[in-house]
Amino acid sequence: MSTTALAPPAVRAQHGLARQLRLYAATFARNQSAMLGLLIVLGFLLVALFAPWLAPYPEDASGSVKLAQKLRPPSSAHWFGTDEMGNDVLSRVLLGARTSLQIGLTITCIAAFIGVPLGVIAGYFGGRVQECIMRVTDIFLSVPGLVLAIAIVGALGPGIRNAMLALSLVWWPGYVRLVQAKTLSLRSEVYVDAARMMGAGPWRIVFVHILPNCVSPIVIKASMDMGMAILSAASLGFLGLGAQPPAPEWGAMISVGRNYLPQWWWYSVFPGLAIYLTVLGFNLIGDGLRDVLDPKQRS
């Protein structure tokens, strides 16, 4: 008999958890696209954390004016060229990563904070509670998210905070639908019936026994939503409803830079590449996590 079998239950549980984590890591590592996404996202996080030290001209993010250097092409002094005010585009792109990270985290966390509890309550209790929650969710889903966000920002006024608030208010219905469907499949499981027979109350069953088993799809959706939230915020910035100049936000930079296409192409191309790579990285990680955490996807 192995030493693991003779160990106390707590030790055996730790060994089982470690073995499961190794399986997850090996499955994720075999997915080359997921590893590429992980490298992109890690690079994005490092740039966002250390942007003030990586940017060659950090003062250019605060709206400095250097008209003698305006619209210069990429060179050794300015790798990504300069904009119409003479600011270094590389510095603004690097510092814009911090703004994009804040946008993605804020929108995803607020949407999950609203949608996950509503979804698990609707799926477990059913009846009129479910009807009320799901009908409100359907109302929000009946309007395209970006259109509704534009309407909310138009009412509140342009700005990065209002843009994040608007996108958060249109993002939560997806979590409600996802968690409600998962809860419907879990509430008839044996362990839920056992908890109910042992006298556990409905709220304890919901938040202790059902919600932890909804973590996998929530993590997968949140990882993909990070990239889409950044893209949606950039769309609002492109329309002039998001971050306002001189804030270094990628969508706003593209909006201004389009006026200088095609001659001064670098002004829009490099912020656009930053958005493309960031969204691609989060989507690849989401696909990799789905392969790891969803048993139906694992071979």
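Predicted model, so just to flag it, every value in this text is computed and none were measured.

**A few points about the pattern of salt bridges**
With the rule as written, the count across this model stands at nine salt bridges. A salt bridge links Asp225 to Lys221; the nearest nitrogen and oxygen atoms lie 3.4 Å apart. Remark: Lys221 and Asp225 occur in helix α10 (residues 215-238); sequence separation between them is four residues, near one turn of the helix. When its relative accessible area of 7% is taken as the criterion, Asp225 is described as buried. Several salt bridges share partner residues, and in doing so they unite Glu131, Arg135, Asp138 and Arg177 into one network.

**Things to note about the UniProt feature "transmembrane region" (unreviewed entry) in the protein chain**
Mapped onto this numbering, the UniProt entry gives "transmembrane region" (unreviewed entry) at residues 34-55, 103-127, 139-157, 226-244 and 264-286. Counted over residues 34-55, helix gives 95% and strand 0%. Its end C-alpha atoms are 28 Å apart. Secondary structure over residues 103-127 splits into 96% helix and 0% strand, and the C-alpha atoms at its two ends are 36 Å apart.

**Comments concerning the UniProt feature "domain: ABC transmembrane type-1" (unreviewed entry) in the protein chain**
Listed under "domain: ABC transmembrane type-1" (unreviewed entry) in the UniProt record, and renumbered for this structure, are residues 97-286. Between the C-alpha atoms that bound residues 97-286 there is a distance of 20 Å. The span itself is 81% helix and 0% strand.

Reading the values: the criteria
Residues numbered from 1 in each chain as written. Predicted model: local features only at pLDDT ≥ 70, side-chain atom pairs only at ≥ 80, totals over all residues. Heavy atoms only, no water. Salt bridge = Lys/Arg side-chain N within 4 Å of Asp/Glu carboxyl O. Helix = DSSP H or I, 4+ residues; strand = E, 2+ residues; numbered from the N terminus. Buried < 20%, exposed > 50% of the residue type's maximum accessible area, 1.4 Å probe, protein only. UniProt positions renumbered as here; feature names shortened; annotations may be inferred.

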